[in-house]
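Secondary and tertiary structure notes
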Amino acid sequence: MFDGTYIIKFFSMTGGNPIFTVDINGFKGPNKWGYDIFSFTLRGSANNGIQKLKTQTYATEKGGKTFEQMYNECFN
């Protein structure tokens with residue numbers, strides 16, 4: 001069953017690790033950064049795999065949460 005979640009991959013402007021954006025409810029509202037849309041980068045290497053998840057805070061609207069805050073609430 002499709003739950004409406006979208007995952008979008010962008011390449012960073014500096015040519016580094018790609019930036020991922022997740023919209024957890026798709027076309028449903030509110031579609032606001034830090035409420036249901038979050039961005040993060042996966043850091044690592046080909047030899048060692050993914051070693052770090054880095055939140056992207058530039059796209060968090062006032063009163064919203066960063067991806068890191070959401071992740072910590074769900075998995076810690």
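Everything here concerns the structure above.
Residues numbered from 1 in each chain as written. Predicted model: local features only at pLDDT ≥ 70, side-chain atom pairs only at ≥ 80, totals over all residues. Heavy atoms only, no water.

1. Looking at the overall build of the chain
Here is the rule we go by: Counting from the N terminus, the helices are DSSP H or I runs at least four residues long and the strands are E runs at least two residues long. Any residue under 20% of the maximum accessible area for its type is buried, any over 50% is exposed, and the rest in between are partly exposed; the area is computed with a 1.4 Å probe on protein chains only. Pairs of residues are marked as contacts when any of their non-hydrogen atoms sit within 4.5 Å.
Regarding its fold elements, the chain presents one helix and four strands. Across the chain, helices and strands are ordered from the amino to the carboxyl terminus as β-β-β-β-α. Taking all 76 residues of the chain together, 29% fall into the buried category. Long-range contacts, defined as pairs at least 24 residues apart, comprise 22% of the intrachain contacts of the chain with a sequence gap of at least 6.

2. Comments concerning the pairing of strand β4 (residues 49-55)
Worth spelling out the cut-off: Here a strand pair is declared whenever DSSP counts at least two bridges between the two strands.
Bridge count between strand β3 (residues 37-45) and β4: six bridges; the pairing is antiparallel. Directly across from Leu42, in β4, lies its bridge partner Leu53.

3. Some points on the packing of aromatic side chains
Spelled out, the test is: Between 30 and 60 degrees the pair is tilted, below 30 it is stacked and above 60 it is edge-to-face, where a pair is any two Phe, Tyr or Trp rings, Trp via its six-membered ring, whose centres lie within 6.5 Å.
According to the stated counting rule, one finds three aromatic pairs in the structure shown. Between Phe38 and Phe67, the aromatic rings sit 6.5 Å apart at their centres with planes inclined by 65 degrees, giving edge-to-face as the arrangement. With Phe38 in strand β3 and Phe67 in helix α1 (residues 67-75), the pair connects residues that are 29 residues apart, well separated along the chain. Both residues of the pair, Phe38 and Phe67, belong to the buried class. With a centroid separation of 4.4 Å and an interplanar angle of 25 degrees, the aromatic rings of Phe40 and Phe67 are classed as stacked.

4. Overview of the sheet that holds strand β2 (residues 19-23)
The strands making up a sheet associate through backbone hydrogen bonding, with each pair oriented either parallel or antiparallel. Here is the rule we go by: An axis is simply a line fitted to the C-alpha atoms; with a helix, the fit covers only the stretch in contact. Between two such axes, the angle follows the N-to-C directions and lies from 0 to 180 degrees.
Within the open sheet, the four strands sit side by side as β1-β2-β3-β4. Their pairing is antiparallel. Both outer strands of the open sheet, β1 (6-10) and β4, are each paired with one neighbouring strand and no more. Ignoring strand direction, the axes of neighbouring strands in this sheet form an average angle of 30 degrees. Sitting on the sheet, α1 touches β3 and β4, and the angle it makes with β3 is about 85 degrees.

5. Describing the nonpolar core
Rules: Here, the term nonpolar core denotes a set of buried Ala, Val, Leu, Ile, Met, Phe, Trp, Tyr and Cys residues that are joined through side-chain atoms within 4.5 Å.
Of all hydrophobic cores here, the largest spans five residues; its members are Phe20, Val22, Phe38, Phe40 and Phe67. At the level of secondary structure, the elements contributing two or more residues to this core comprise β2 and β3. Setting aside its immediate chain neighbours within four residues, Phe67 contacts Phe38, Ser39, Phe40, Leu53 and Thr55.

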